[in-house]
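The chain contents come next:
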Amino acid sequence: MLSGDDLQRLLETGGDVTEEAPVVEAEKAPAEPAVAPLAGEASEETGTVLCDGAVRMRSLKRSPERGGRIGDGCSIGYRTQEGDPLEEAELGSERLPWALEVVAKRMQVGDVAEVVATGEHALADEETVADVEGLERRWRFEVATVAAGTCLDKFRLSVDERIAAADRLRERGNQMLKQGRLLRAGDYYERGSSFMDVIEAEDMGMPGGKKDAKAVANNRRIRECQKPILLNWALVLMRRKRWSEAERKCAEVILDIDSSCVKALFRRGQCQIQLGSLEDAKKDLQKARDLDASIADDVEKELVKLKRQQKALDQQDRGWAQKALKKGLADERSKPKQPTAQDEDDIDCKVKDSSKTRLMPETSAGTAGPVSHKEVLAAQEKAAAEAGVDDITYARQREAIYNQLLMGGRPE
């Protein structure tokens, strides 16, 4: 249908209308999104900081063609210096330095990056050095080739394949743990555990809650495989004094896999002592001892630590309570002072024979004799200590003595 403007033009030109081609604006090419740092990473103007600062990466060249991601199991061809011959390695293998493995997962074929690593991240698994902490290495890392279809995807692997991959990573972690390389061992345990976090649906949705027997059996195998991984992972975290994280790994074993796992109970108890959860720690340690009498000596050592820490906490609480009482209940009369002539006035002060806390010593005749203000306070303090009274009761006793003295009487 013609619009009003087109109809007017048609009448003015005698019916000859030339249709104008519509003007189409050229589409702007979408800007390439910036690569956001992943968890545990921080971006800087000079590059990207990874692994809590142990690895630094600065891009030198970006390939115009973007391919598939590089992950565990991928076989890559790479160079560590410009002009060097091409080398091949599998991500996760013993020969590739840990830092290059981390960086490779963020790169594509044709990318080049400058990589600097310190400590364990600068080493390949097959390498050993005397001073790991002071180690620093630098590479010009280029990913030249990636073998197609070699990346391990846990969602595409069968249960048998995932269990096999997790077992390999656990064994590698055990090797690193024996060498004292705790960070690398923890990395292997974490990756191995990730293969086990995909379980099969057991509920078939049928009346009576019937279960899929095959799924139940597969999930049981998955949990049995994950159990030693979580226990070893917790051990690594404990040696690194990461008590909260270690406690959670032990709890995963107890709550999701085996509620009677002695190692998990014992290690969780150790973590809870460090975290100050002493009652929970005592329960876990005693339960572990009940399940396995052979660890009774080890449990007793931990219980000694628990009692020592409980005593320290009680002393802290007592000190806090004393400070609170001094600020809230005490006054100038509570402060010790030098005796004066007025303080030496004889004041009779006694309590009933049935009272557990005696404020007045008896004379040889069995009756209360005159004592000084200072002696009354000293007697009350000694009696309170022998009776083991708490701070609040002590303060009330002391307050009662003061009130009686001020009124000119004696405490009943």
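Looking up the protein chain in an unreviewed UniProt entry gives the name Peptidylprolyl isomerase, with the organism given as Durusdinium trenchii.

## Here's the deal with the packing of aromatic side chains
Given two aromatic rings, their pairing is described by the distance between the two centres and the angle made by the two planes. What the rule picks out here adds up to one aromatic pair. Arranged with centres 5.9 Å apart and planes meeting at 55°, the rings of Y78 and F141 form a pair that is tilted. With a gap of 63 residues between them, Y78 in strand 4 (residues 75–79) and F141 in strand 7 (residues 136–146) connect regions that are remote in the sequence. Taken individually, Y78 and F141 each receive the classification buried, so the pair is uniform in this respect.

## A few points about unusual backbone geometry
One non-glycine residue with positive phi stands out, namely C51, at about 55°. When you line up the elements, C51 lands in the loop between strand 2 (47–50) and strand 3 (55–61). Take C51: its relative accessible area is 25%, and that puts it in the partly exposed class. Positive phi, close to 55°, is recorded for D52, a residue that is not glycine. For D52, the position within the fold is in the loop between strand 2 and strand 3. For D52, a relative accessible area of 76% gives the class exposed.

## Let's talk about helix 3 (residues 159–178)
Between its first and last C-alpha, helix 3 extends 29 Å over 20 residues, near the 28 Å set by a 1.5 Å rise per residue. By the burial criterion, the buried members of helix 3 are V159, R162, I163, A165, A166, L169, R170, R172, G173, M176 and L177. Considering only its buried residues, helix 3 is in contact with helix 4 (182–194) and helix 5 (213–239). Just beyond helix 3, the residue with positive phi is G180, at close to 80°.

## Focus on the pattern of salt bridges
Enumeration according to the criterion identifies 23 salt bridges in this entry. Its salt-bridge partner being R58, residue E114 comes within 3.2 Å of it at the nearest N-O pair. Of this pair, E114 sits in strand 6 (residues 112–118) while R58 sits in strand 3, and the two are 56 residues apart along the sequence. The class of E114 is partly exposed, set by a relative accessible area of 23%.

## Focus on the nonpolar core
Nonpolar side chains in soluble globular proteins tend to end up buried together. Core analysis: the largest hydrophobic core is formed by 41 residues, its most contacted members being L177, Y189 and M196. If sequence neighbours within four positions are ignored, L177 has contacts with L182, A185, Y189, L235, V236 and R239. Among the nonpolar cores identified, the runner-up in size contains 26 residues, and A99, V115, A122 and L123 belong to it.

Cut-off values and rules
Sequence positions are assigned chain by chain, starting from 1 and proceeding in written order. Only residues with pLDDT of at least 70 are given local features in this predicted model, and only at 80 or more are side-chain atom pairs given and counted; all residues enter the totals for whole chains, interfaces and linings. Side-chain numbers come from the whole structure's heavy atoms, not from hydrogens or water. Two rings belonging to Phe, Tyr or Trp (six-membered ring only in the last case) form a pair when the distance between their centres is within 6.5 Å. Interplanar angles under 30 degrees mark stacking, angles over 60 mark edge-to-face geometry, and anything in between is tilted. Helix and strand assignments follow DSSP, with helices taken as H or I runs no shorter than four residues and strands as E runs no shorter than two, numbered in order from the N terminus. Any residue under 20% of the maximum accessible area for its type is buried, any over 50% is exposed, and the rest in between are partly exposed; the area is computed with a 1.4 Å probe on protein chains only. Expected helix span is computed as 1.5 Å times (number of residues minus one). In this description, contact between two residues means that some pair of their heavy atoms is separated by no more than 4.5 Å. Whenever a carboxyl oxygen of Asp or Glu lies within 4 Å of a side-chain nitrogen of Lys or Arg, that contact is scored as a salt bridge. The nonpolar core is taken to be a set of buried Ala, Val, Leu, Ile, Met, Phe, Trp, Tyr and Cys residues, with the residues joined through side-chain atoms within 4.5 Å.

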